[in-house]
Amino acid sequence: AGRVVSPTVVLVTVCAGVFLASLDQTSVVTALPAIMLDLGIGIDRLDDLAWVVTAYLLGFTVAMPLLGRAGDVYGYRRLYLGATLLFGAGSVLVALAPGLAWLVAARVVQAIGGVLCRCTGYVHIIEAAQQAIEVLAQMDDAERAAWFPC
């Protein structure tokens, strides 16, 4: 099909994306006091602030079963790259949020990108490894030695 990418490169890239998506799921909790100050949310509105965390979990949970099939249709590599862009865009929107409603909506966008990173990333690793195995099987000993000089 296309060009062969090292499974190691794919593994490191996907693991970095999944790590960031997972880290973001909980790191906002530590920033909530600063978020309260920046958005002018008083202590009497803590129940509203809970939506910042809940929005991510809700978006993540709702999107997971719906987006798993999208990888089969559009390709896992393409979807993973789009997920990374969506997650990044959501992160920018979170950083620029002028109010609580904007922040909650941006967290949902972030969550959809994060769940796509997870759903498609793991399958992308498997596909890259299978492709590398197929290429290695077609090589003779000298070509394999060039790939694995040790």
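Quick note: structure is the one above.
All of the points below concern the structure found in this document.

Here is what the cut-offs are and how they apply
- Residues numbered from 1 in each chain as written.
- Predicted model: local features only at pLDDT ≥ 70, side-chain atom pairs only at ≥ 80, totals over all residues.
- Heavy atoms only, no water.
- Helix = DSSP H or I, 4+ residues; strand = E, 2+ residues; numbered from the N terminus.
- Rg over C-alpha atoms; globule rule 2.2 N^0.38 Å.
- Contact = heavy atoms within 4.5 Å.
- Bend = angle between axes of the 7 residues up to and from the residue.
- Buried < 20%, exposed > 50% of the residue type's maximum accessible area, 1.4 Å probe, protein only.
- Salt bridge = Lys/Arg side-chain N within 4 Å of Asp/Glu carboxyl O.
- Patch = residues over 30% accessible without salt bridge, like charges linked within 9 Å, V, L, I, M, F, W, Y side chains within 5 Å.
- Areas by Shrake-Rupley, 256 points an atom, 1.4 Å probe, with all protein chains shown as cover.
- Core = buried A, V, L, I, M, F, W, Y, C linked by side-chain atoms within 4.5 Å.
- Phe/Tyr/Trp six-rings, centres within 6.5 Å; stacked < 30°, edge-to-face > 60°.

## Quick notes on the overall build of the protein
- Helix and strand counts for the protein come out as 5 helices and 0 strands.
- Secondary structure elements of the protein occur, N-terminal to C-terminal, as α-α-α-α-α.
- Relative to the compact-globule value of 15 Å for 150 residues, the protein shows a C-alpha radius of gyration of 20 Å, a clear excess of over 25%.
- For the protein, the spread of C-alpha atoms along the principal axes amounts to about 70 × 35 × 20 Å.

## Some points on the environment of Phe87
- Among the structural elements, Phe87 can be located in helix α3 (residues 76-96).
- Separated by 46 residues in sequence, Phe87 and Ile41 have C-alpha atoms that sit 26 Å apart.
- What Phe87 contacts, discounting residues up to four positions off in sequence, is Leu20, Ala21, Asp24, Tyr56, Gln110, Gly113 and Gly114.

## Points about helix α1 (residues 7-39)
- Along its length, α1 shows its largest kink, about 55°, at Ala31, and proline Pro33 lies within four residues downstream of that point.
- Within α1 the residues assigned to the buried category are Val10, Val14, Gly17, Val18, Ala21, Asp24, Val28, Leu32, Ile35 and Met36.
- The inward-facing, buried residues of α1 abut α2 (46-74), α3 and α4 (100-138).
- One or two residues past the end of α1 sits Gly40, with phi positive at roughly 70°.

## Details of the pattern of salt bridges
- A complete count under the given rule lists 2 salt bridges for this structure.
- Its salt-bridge partner being Asp24, residue Arg107 comes within 2.9 Å of it at the nearest N-O pair. Taken together, the residues span a long stretch of sequence, with Arg107 in helix α4 and Asp24 in helix α1 at a distance of 83 residues.
- Given a relative accessible area of 1%, Arg107 falls into the buried group.
- A salt bridge links Arg45 to Asp48; its shortest N-O distance comes to 3.0 Å.
- You can call Arg45 partly exposed: its relative accessible area is 33%.
- Classification of Asp48 by relative accessible area gives partly exposed; the value is 27%.

## Observations regarding a nonpolar patch on the surface
- There is a patch of nonpolar side chains on the surface, built from Trp51, Leu58, Val62 and Leu66 and spanning about 430 Å² of accessible area.
- Of note, Leu58 is situated in helix α2.
- For Leu58, a relative accessible area of 46% corresponds to the partly exposed category.

## As for the nonpolar core
- In terms of nonpolar packing, the biggest core is built from 14 residues, with Leu32, Ile35, Leu49, Val52, Leu100 and Leu103 touching the most fellow members.
- The contacts of Val52, once residues within four sequence positions are left out, are Val28, Leu32, Leu100, Leu103, Val104 and Arg107.
- Val10, Val18, Leu116 and Ala128 belong to the second-largest nonpolar core, a separate cluster that totals 11 residues.

## Looking at the environment of Asp141
- Within the secondary structure layout, Asp141 lies in helix α5 (residues 141-147).
- On a C-alpha basis, the gap between Asp141 and Arg45 in space is 68 Å, while along the polypeptide they are 96 residues apart.

## Re the packing of aromatic side chains
- Applying the stated criterion across every chain, the model contains 1 aromatic pair.
- Between the aromatic rings of Tyr56 and Phe60, the centroid separation amounts to 6.1 Å while the plane-to-plane angle is 25°, which identifies the pairing as stacked. Of this pair, Tyr56 and Phe60 both sit in helix α2, 4 residues apart, roughly one helical turn.
- Phe60 gets classed as buried once you look at its relative accessible area, which sits at 8%.

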